[in-house]
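# Structural features, examined
Listed below, chain by chain, are the residues.
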Amino acid sequence: VPLRFSSYAVLMTKSIASSVLRSKLPLLTALLLSSVLSVAMWAARVVYTSHGSYFGLNWNLFLAWIPLFLALAAWLLVQRSAFLPLVLILLAGWLLFLPNAAYIVTDLIHLYPRDGAPFWYDALMVFSYAWNGLILGMTSVWIVQSLVERWLGALAGWLLAGGALFASAFGI
């Protein structure tokens, strides 16, 4: 009997996680496709110019995904009524990595004509990375805000969101 209960619990946990992720799948798909578009723009630029300029944008985009992954992991654990200290550790990591999401905007200062690529193309490419970083960060803030709102109320959720964004400004 314990084996059946254990198997049932595992199946229920997978079912809950699956349905929870399914509700976020369209959003995650759009974010992923938008990020892939930015990377494809960079790859096309490399092919056109034979130079790997702006490679750091890819690293910064990767770092921008980390707060979203941490927020989603915390959200999934809360859906499963997981151990609260583990959720709090994930949220601390989220706050630590959140400034990376907006950091890509600072790459705009490196925008100038180079390597024979059209300036308008470089501008569009860097703006696409900046957009992705900002939207990834704001999506993660939205997820964490909804968690805190559920636990402590709307005011606490908004205070956390505002405080996290204010703290991120110093992290950049």
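Here the residue index of a chain counts from 1 through its sequence in written order. For a predicted model such as this one, the threshold for reporting local features is a pLDDT of at least 70, and the threshold for listing and counting side-chain atom pairs is 80 or more; totals across whole chains, interfaces and linings nevertheless cover every residue. Values reported for side chains reflect all heavy atoms of the structure, with hydrogen atoms and water molecules removed beforehand.

Let's shift gears to the confidence of the model for the protein chain. On average, residues of the protein chain score 88 in pLDDT, and 87% of them reach the 70 mark or higher. Here pLDDT means the predictor's own confidence in every residue, given as a number from 0 to 100. In this description, contact between two residues means that some pair of their heavy atoms is separated by no more than 4.5 Å. Residue range residues 1-5 is modelled with pLDDT below 50. Its contacts to residues more than four positions away, or to other chains, number zero contacts.

Once that is clear, we can look at the side chain of Ser 38. Structurally, the position occupied by Ser 38 is in helix α1 (residues 2-49). Each residue is assigned to one of three classes by its accessible area relative to the maximum for its type, calculated with a 1.4 Å probe on protein chains only: buried under 20%, partly exposed between the two thresholds, exposed over 50%. Overall, the relative accessible area of 1% leaves Ser 38 in the buried class. Engagement of the side chain of Ser 38 in a polar contact is seen with the side chain of Ser 128, the distance being 2.9 Å. With sequence-adjacent residues up to four places away left out, Ser 38 is seen in contact with Ser 128, Tyr 129 and Asn 132. Each helix corresponds to a stretch of at least 4 residues labelled H or I by DSSP, and each strand to a stretch of at least 2 residues labelled E; elements are numbered beginning at the N terminus. In the analysis that follows, any N or O atom pair within 3.5 Å is treated as a polar contact, provided that within protein one partner can donate a hydrogen and the other can accept it, and provided that, for residues neighboring in sequence, both atoms belong to side chains.

With that settled, the discussion passes to the packing of aromatic side chains. Geometry of aromatic contacts follows a simple scheme: Phe, Tyr and Trp rings, the Trp one being its six-membered ring, pair when their centres are within 6.5 Å, and the pair is stacked under 30 degrees between planes, edge-to-face over 60, tilted otherwise. For the coordinates displayed, the defined rule picks out five aromatic pairs. With a centroid separation of 5.8 Å and an interplanar angle of 80°, the aromatic rings of Trp 120 and Tyr 121 are classed as edge-to-face. Overall, Tyr 121 belongs to the buried group, its relative accessible area being 19%. Summarising the aromatic geometry, the rings of Phe 166 and Phe 170 are spaced 5.1 Å apart at their centres and angled 80° between planes, so their arrangement reads as edge-to-face.

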